[in-house]
Structures are given as structure tokens and as C-alpha cells.
Amino acid sequence: MSRRRRAESLAVGLVLMSGLGVLGCESPMNVFAPASEMAARTANLTWLMVALAVLVFVIVAVIIVAAALRHRARDPVAVDLSRPGHRFLVVGGIVFPVVVLTTLFIIGMVTMGFAPGRSRAPAQVISVTGHQWWWEVTYDDSALQHRFTTANEIHVPVGEPVRLVLTSGDVIHSFWVPELQGKLDLIPGDTNVLDLTAARAGMYRGQCAEFCGQQHAHMALTVVAEPRADYEQWVASQRAPAREPDDSLARLGQQLFVAGPCALCHTVRGTPALGGVGPDLTHMGSRLTIAAGTLPNTLGNLEGWIANAQSIKPGASMPSMTMYGGRELRALATYVSSLR
Ligand code: CUA
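Residues numbered from 1 in each chain as written. Predicted model: local features only at pLDDT ≥ 70, side-chain atom pairs only at ≥ 80, totals over all residues. Heavy atoms only, no water.

Asks: Would you explain unusual backbone geometry in this entry?
Replies: Most peptide bonds adopt trans geometry, and most residues besides glycine take a negative phi value. Q132 connects to W133 through a cis peptide bond whose omega is 0 degrees. Within the secondary structure, W133 sits in the loop between strand 1 (124-131) and strand 2 (134-139). Notably, N152 is not glycine yet its phi reads approximately 65 degrees, a positive angle. Structurally, N152 is set in the loop between strand 3 (148-151) and strand 4 (153-157). In this structure, A292 is a non-glycine residue whose phi angle is positive, near 55 degrees. Among the secondary structure elements, A292 is positioned in the loop between strand 11 (289-290) and strand 12 (295-296). (Helix = DSSP H or I, 4+ residues; strand = E, 2+ residues; numbered from the N terminus.)

Asks: Would you take a moment to explain the nonpolar core for this structure?
Replies: Side chains that are nonpolar tend, in soluble globular proteins, to be buried together. Among the nonpolar cores identified, the biggest contains 31 residues, and V128, W135, I154 and F175 are the most heavily contacted of them. Only strand 1, strand 2, strand 4, strand 5 (162-168), strand 8 (192-196), strand 10 (220-226) and helix 4 (228-239) provide two or more residues apiece to this core. Ranked by size, the runner-up nonpolar core spans 26 residues in total, among them A242, F257, C262 and L295. (Core = buried A, V, L, I, M, F, W, Y, C linked by side-chain atoms within 4.5 Å. Buried < 20%, exposed > 50% of the residue type's maximum accessible area, 1.4 Å probe, protein only.)

Asks: Help me out: how do you make sense of the pattern of salt bridges in this one?
Replies: Considering all chains together, one arrives at eight salt bridges under this definition. Here E160 makes a salt bridge to R228, at a shortest N to O gap of 2.9 Å. One end of the pair, E160, is in the loop between strand 4 and strand 5; the other, R228, is in helix 4, with 68 residues separating them in the sequence. Of the charged contacts, one joins R163 and D195 as a salt bridge, the two residues approaching to 2.8 Å between their closest N and O atoms. With R163 in strand 5 and D195 in strand 8, the pair connects residues that are 32 residues apart, well separated along the chain. (Salt bridge = Lys/Arg side-chain N within 4 Å of Asp/Glu carboxyl O.)

Below, the structure is given as C-alpha cells:
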């Protein structure tokens, strides 16, 4: 095999492998692995666009190569509309893109306008407020005592429509959970409504999809779609006030929390901590991640986050709590972890 053939085979192999990697990957946030009817329609539209783009590319490439081979020896040929071949190419070059782009435009508009579940009353209305750089999530309820606020994690019942009412507390963000739904902006002073029905149980990663400052990339969320019974259990546990610490270390953590700077920014329902700047931490121990998907929620990561938030997520509102020693940090992290 010549060196050139080897290089060509390698290039083709790499392209195929990366293509298969995209299709077969189990990684979160895969537009091609829809878990709702809306996402399936979006994925179909994406495939159609890819197919048409490939078709157009191949046609144009064949014409260019054919023209280059045929006219290799001659001077450049002027376009002559009286010749049928030239006429075909010129007219085709106008008609073909007009037809392809108009078709895609119409299918795109129909897909965007499709709103499954709009006709059904939502099982739950959830207010989602974007902040630099986290998601405030409030489960609405006509009974005030049943309303609760959490952060960066949205639980929904499988197969039932939920309505997300999106707004922002500061700059424009964009809500995007590709497996479930297309993007929709969160705009300060305005609300947008997104109806969402998860067809399959699972955990779906979402990501802010509008550049919103230094930590835009660290503004993730998780949608947990679960069977009705599990969902109701989760809602009941979230409605409850925070549990009291049951060991001395967590009790020390609680004292430090409510008497120190934590309480100025965070709420833990059932304690004197009622700050409204950062996420509500009433059930922080039950969440999957810390700092909007930045770190897995473990005791060690919590300690690191409290001590050193500014080196983990520079620019975030959470200050690095450098005044605490090792035991105090462990106590605070133990307390926050215990808030299940
Ligand atoms: Cu919020 Cu990007």
C-alpha cells in the first residue's frame, strides 16, 4: 500500500470512528437520543438537515470535479445560456437551493410550532429562574405551604406534561435539555413557557445555552424523570422542612451555618437561615451535584466548595470561606450533607 493510500485510509477511518462515537456514545446531552416526542421531532429534523446537507455537498462536489476534469486542458469557459448544459446548471443552481431551503424552513416552522401536551392540563407548574450561574426551581402550588424551592434539579413524572415558566434574575440565560426539549431563553422581566413531557424515565442533563458570563459553562442542571410514585415521594420530602441534625458534628455545622455568613445568602427551611441570594439548601443533601453541575455532591467536594468556591467557580457569588479550620469545614459539610 502506498503512503498516500495509507494516509487516505487513516483519514477515512478517523472520520468513521468519530461519527460512530457521536452516534453510539452514552454521554449525557445527546440530541440524537430523544426521550420525548418533541425531542424526537427535533432529532428527525436534524437528521433530515444532515441528509440534505450531505446530498447537496455530494452533488456540488461531483459537478466541480466533473467540470475540472472536462475542462482541464482548455481555457475557462464563459457561461453561455444558449447551451442546454449551461442553462441546466444555472437554473438548477437557483431552483435547487430555493426548493431545499424552503422545504426545510416549512418543516422547521411546523416542528417549532408543535406543542405536545398543550391541550392537557400540566401535572405541575414549575417556575425556573436563571441566575449567574445556577437555576432556581420553584414548584408552584395553590396551597402556599406546599410550595417549595430547590436548585439545579427538576424532578418530573414520566409521561405527564409539566409546564416550566422561565424567567431570569439577571442576564439572559437559555434552558436546554436536548433529550427532552429544544432551547428556550430565560429573559429578565419576562416569562417564557415551556411544556415538557418525558417519555422515558431517566436522568437528563441540561445546560445553559446562552452565554451569560464567566461561568456560563458551569451552569448545568439535571432533569430526573421518574414514575409517579417516586415523583410523589420526592415532592413530599422536598415539601418538608429541613431535618434536625442527629450527631454532634452536624449540630456544630448547623450552629456555624445559622450564626455565620451562610445564613445571609442561603435558606434552610425550619431554621433561622433565610437568605435569598444563593440556592435554597433545605434538602441539599439529596441533590446530585454541587454548584449547578460543577462537582458531584460528596462530603469532600462540599468541604472543598465551602473553603474554596472562588478557585472552583471563579466569579460566582459564593465566597471562599477562608476563616474556617478543618473541623469547622467538616462540620458544615456534614450538616449540609445531612439535609436530605
Ligand atoms: Cu446562564 Cu449561560
